Protein chains: 2
Amino acid sequence: MAEELSELIEEFVEAEASEQAAVAESILAEEEAEDIALLLESLPINERLALWHKIPQQERVEVLVEMRSDPRESLIDQMQLEELDALFVGLNAVDLVELSESLPNRLVERALRAMDEQQRSYFEGAQKYADDLAGHWVDHDVLILPTNAKVRDALRLLRREVPDLTEIVYLVNRSGHFSGAVKITSLFSALDHAPLAELVDKDIEILQGSLDAVEAAQEVQSSSLAALPVVDEQGKLLGRIDVVTAAELVSEAFEAQLMASAGMDEDEDLFAPVLKSAKSRAVWLGINLLTAFLASWVIGMFEATIEQVVALAVLMPVVASMGGISGSQTLTLIIRGLALGQVTGANLKALLKKELSVGGFNGVLWAIVISVVTYFWFESALIGLVIGIAILINICAAAISGVVIPVVLDKLKVDPALSGSVILTTVTDVVGFFAFLGLGSLILL
Amino acid sequence: MAEELSELIEEFVEAEASEQAAVAESILAEEEAEDIALLLESLPINERLALWHKIPQQERVEVLVEMRSDPRESLIDQMQLEELDALFVGLNAVDLVELSESLPNRLVERALRAMDEQQRSYFEGAQKYADDLAGHWVDHDVLILPTNAKVRDALRLLRREVPDLTEIVYLVNRSGHFSGAVKITSLFSALDHAPLAELVDKDIEILQGSLDAVEAAQEVQSSSLAALPVVDEQGKLLGRIDVVTAAELVSEAFEAQLMASAGMDEDEDLFAPVLKSAKSRAVWLGINLLTAFLASWVIGMFEATIEQVVALAVLMPVVASMGGISGSQTLTLIIRGLALGQVTGANLKALLKKELSVGGFNGVLWAIVISVVTYFWFESALIGLVIGIAILINICAAAISGVVIPVVLDKLKVDPALSGSVILTTVTDVVGFFAFLGLGSLILL
């Protein structure tokens, strides 16, 4: 997929440069909405707009829904009210749920007024759940029959147009409460007049609308079914989450984790306006600057020592970076463990012991290596001794921090993927510089 | 899922501590193989072995298959030959494909001898493809009929036991070549004696066995089908990849990317033996040490300058870390773009221009802030000037490196998620120290 997209971008950009309008049209005719969305995101804003205007009216919503919200907003911001109104004609609830992330409230209301009543009520149902909950992401492409229906009713229903990923017929009682699900494959061996209630598959998991959306998605992915039913607290059927939606939710969560490690958002636009992008990144740089000044302040306490033994200043990056790298290894392992639920109070002590042992082992190993190199470089056994001890202290401190910091952040409901590494490097910088320069003052002066 | 698992671990560890054997048994009886696998991975090695031995024989293979290969090996290493032989009884090809990652060759051969011929040929078929290709990961739970079969043949087949995630009947000609797929939902409205060939759904995508496994998985996830057929170069049906397998492949790829950023493996065991873990991490620390010494060497060139202006040594971490952080933001954005196929030769120049503009903007902003702070801290306008220029240079260099480094690595077929950030920080350290101390020598001495 990635390679195909790259080729598509090359083809499109080349064609635009040589003004072959037909290429864009053939791309738009052949590719799926998902790929056109990725293509749009890959283009600088002017080219993005030019391509957008070539997309046929009836395909625009589908493409827009597939886009990340930042690049999507870059298009919506350029649209006239009439253009938006044209998008809103025949819009369904699921699409509006996705688009509403990028629409100001007054436009959401405009879109709602253009919707039929059924879709509007679906949309309002979804809005009752925050966007990190399962109930927000249900679709309504389900085959529903009353609880007392017979096999022949199901067969009649299945002879009409059947939605994608339909493996199940949902049974619902008069008040809309979910009463069971029947696999359509079990219909083949059933008698026409048999009640569907007898064929209900008890093993089908039912998701609560208030369940975390990513956890719900993972349940769907490991369910051996193409979709699972979602119900509200009263047991009313809200809809389903299918494997396509589940895959999107899980991918977004992973991507968000990856981007968070650099203080960015999953929705970050590759070609965001410079000012917007600079502003969003400045915050992260500012936080980092505070921690860097903290490290400088620690060094500042030892100015007199450095003045006398400049070798200490030369070697500072070695101490800081060995701590930072070994800490980030532990941190990454623990963050994954937390995400999977594998790190808990019950095994924390054992984990700390193991990571500290690994740190102790690597601490001793690299302390020796670095001491020897330092000895030959600066021809001073004492400087070698100082850096060796500092390395050992810092790598052990890094191991402890790598376990403790993400666990504490997780307890405080702060995403460790976002702030874990900033806090960790602050600790390893401060501990490293303090140990190294402090020992230097004690031993070398 | 994550929270449930945490509770499970707590419950299990507490029960073991108070010797309530019944708790482990009830966990094993109630939980699915996937959760038991995660639980095993979350336990230190002795507890892990104790729980393993309580798992009923007939469920062991399923649990083992769900585990990551490192922790799985920790169990296999402890097994006697008889215990392994018991696992191999009735083993199917798909399970052996997964287990063979953690089994020495002689054990794979032992397992193959215990298999029936059909499964052995499936296994050999899968081994023709490397483990990063789609053909390696097919399963064989497909309903197959001859190309000339009728609707009633399909209905007869569907009245028997139907595999999970079955939406499709596959048509295959006499020589095993795939000739089309029929959705079972289209059978409901068809006549009994109609030929299946007339109902073939032309829109169903067919995957090549030689396609990259993760790309194949993504195709399955966005296909609106619960599984897609996989064929070899001659068009012979190899099997299918379903959404459950696809979700596992995609999650593993994401996890591998996350772990690679700290120089680790997706299969890393939370409770790996200390020595093994220390060894695997030492390599990464060693590579990092070389780059840290490179930075030290740059600083060493300016020893005389530092001796006279110690403030430079104090402020070094600020210059290095502002470069490192802003570079890692660009790097992360580009790595995601490369993974999605959104960064290509065609938009590289535009990206470079945009990132450099963002860098220039933040460079000027933070240069001013840091200059002012430095001026008040060290009461020297000249030191403020020096650090300001150095910050601007380093943030711009970081922006360029953040784009160029991952693109070049990708061209060289090296994973930018693995080595991108080490190379980037080397560049920002070297450029930062050189600019800062070099300017210091020119302006301050």
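Residues numbered from 1 in each chain as written. Chains lettered and ligands numbered in written order. Predicted model: local features only at pLDDT ≥ 70, side-chain atom pairs only at ≥ 80, totals over all residues. Heavy atoms only, no water.

A.B. asks: Please set out a nonpolar patch on the surface residue by residue, giving values where relevant.
C.D. replies: On the surface, a cluster of nonpolar side chains totalling about 700 Å² of accessible area is made up of A:Leu294, A:Trp297, A:Met301, A:Phe434, B:Leu365, B:Val369, B:Val373 and B:Trp377. Every element with two or more residues in the nonpolar patch is listed here: α14 (274-300) of chain A together with α17 (345-378) of chain B. Considering each element in turn, the nonpolar patch owes the most residues, four residues, to α17(B). For B:Val373, a relative accessible area of 33% puts it in the partly exposed group. (Patch = residues over 30% accessible without salt bridge, like charges linked within 9 Å, V, L, I, M, F, W, Y side chains within 5 Å. Areas by Shrake-Rupley, 256 points an atom, 1.4 Å probe, with all protein chains shown as cover. Salt bridge = Lys/Arg side-chain N within 4 Å of Asp/Glu carboxyl O. Helix = DSSP H or I, 4+ residues; strand = E, 2+ residues; numbered from the N terminus. Buried < 20%, exposed > 50% of the residue type's maximum accessible area, 1.4 Å probe, protein only.)

A.B. asks: Now, about the side chain of B:Arg48: what can you tell me, with residues and values included?
C.D. replies: Residues and elements named next belong to chain B. Mapped onto the elements, Arg-48 comes out in helix α4 (residues 45-54). A relative accessible area of 0% means that Arg-48 is categorised as buried. Polar side-chain contacts of Arg-48 include one of 3.3 Å to the backbone oxygen of Leu-43. Look past the residues within four positions of Arg-48 in its chain and what remains in contact with it is Leu-40, Glu-41, Leu-43, Pro-71, Ser-74, Leu-75, Asp-269 and Phe-271. (Polar contact = N/O pair within 3.5 Å; in protein donor to acceptor, adjacent residues only side chain to side chain. Contact = heavy atoms within 4.5 Å.)

A.B. asks: Run through the relation of the copies chain B and chain A, naming residues and quoting values.
C.D. replies: For the pair chain B and chain A, the best superposition has an RMSD of 0.1 Å and corresponds to a rotation of 180° with a translation of 0.0 Å parallel to the axis. Classification of the inter-copy transformation places it as that of a two-fold axis. Both copies contact each other with a shared surface, as 100% of the interface residues of chain B are interface residues in chain A too. (Least-squares fit on C-alpha atoms with pLDDT ≥ 70 in both.)

A.B. asks: I'd love a proper account of empty space enclosed by the protein, names of residues and values included.
C.D. replies: All names here are of chain B. Tallied over the entire structure, the rule returns seven cavities of 30 Å³ or more. By volume, the second largest cavity is sized at about 80 Å³. Here the lining of the second largest cavity takes four residues from α17, the largest share from any one element. For the lining of the second largest cavity, the residue count by class is four nonpolar, five polar and two charged. (1 Å grid on protein atoms, 1.4 Å probe; cavity = no way out; pocket = protein on both sides within 12 Å on 5 of 7 lines; lining within 4 Å. Points joined across faces, edges and corners; volume = space filled by probe spheres on them. Nonpolar A, V, L, I, M, F, W, Y, C, P; charged D, E, K, R; others polar.)

A.B. asks: Explain the sheet that holds strand β2 (residues 168-172) of chain B residue by residue, including any values.
C.D. replies: Residues and elements named next belong to chain B. Reading across the sheet, the three strands line up as β1-β2-β3 and stay open at both edges, with mixed pairing between neighbours. Sheet topology places β1 (143-146) and β3 (178-183) at the edges, where each strand pairs with a single neighbour. Going across the sheet, the axis of each strand differs from the next one's by a mean of 30°, ignoring polarity. Summarising the sheet, β1 and β2 pair through four bridges and their orientation is parallel. Bridging across to β2, Ile-144 finds its partner in Tyr-170. (Pairing = 2+ DSSP bridges. Axes fitted to C-alpha atoms, helices over the stretch in contact; angles between N-to-C directions.)

A.B. asks: Go over the nonpolar core, please, and point to the residues and values.
C.D. replies: Counting 150 residues, the largest nonpolar core has A:Leu40, A:Leu64, B:Leu40, B:Leu64 and B:Leu103 as its most contacted members. Discounting residues that sit within four places of it in the chain, A:Leu64 has contacts with A:Trp52, A:Arg72, A:Leu75, A:Ile76, A:Met79, A:Leu87 and A:Leu99. Counting 80 residues, the second largest nonpolar core, distinct from the first, contains A:Leu289, A:Phe433, B:Ala367 and B:Val386. (Core = buried A, V, L, I, M, F, W, Y, C linked by side-chain atoms within 4.5 Å.)

A.B. asks: Outline the layout of surface pockets, supporting the account with residue identities and numerical values.
C.D. replies: Residue and element names in this part refer to chain B. In this model, the second largest pocket occupies a volume close to 560 Å³. As for the second largest pocket, its lining consists of 21 residues, of which Tyr-122, Gly-125, Lys-236, Leu-237 and Leu-238 are closest to the centre. Elements that contribute at least two residues to the lining of the second largest pocket include exactly α10 (117-127) and β6 (237-242). For the lining of the second largest pocket, the element with the most residues is α10, which contributes five residues.

A.B. asks: Summarise the side chain of B:Ser380; cite the residues concerned and give the values.
C.D. replies: Relative to the elements of secondary structure, B:Ser380 occurs in the loop between α17 and α18 (381-411). In terms of polar contacts, B:Ser380 uses its side chain to reach the backbone amide nitrogen of B:Ile383, at 3.0 Å.

A.B. asks: Describe in detail the pattern of salt bridges, supporting the description with residues and values.
C.D. replies: By the definition in use, this model includes 33 salt bridges over all chains. Among the salt bridges present, the one from A:Asp70 reaches A:Lys276, with a minimum N-O distance of 4.0 Å. Placement of A:Asp70 in helix α6 (residues 69-76) and of A:Lys276 in helix α14 is noted, with a sequence separation of 206 residues between them. Linked through salt bridges whose partners overlap, the residues forming this network are A:Glu41, A:Arg68, A:Glu255, A:Glu266 and B:Arg336.

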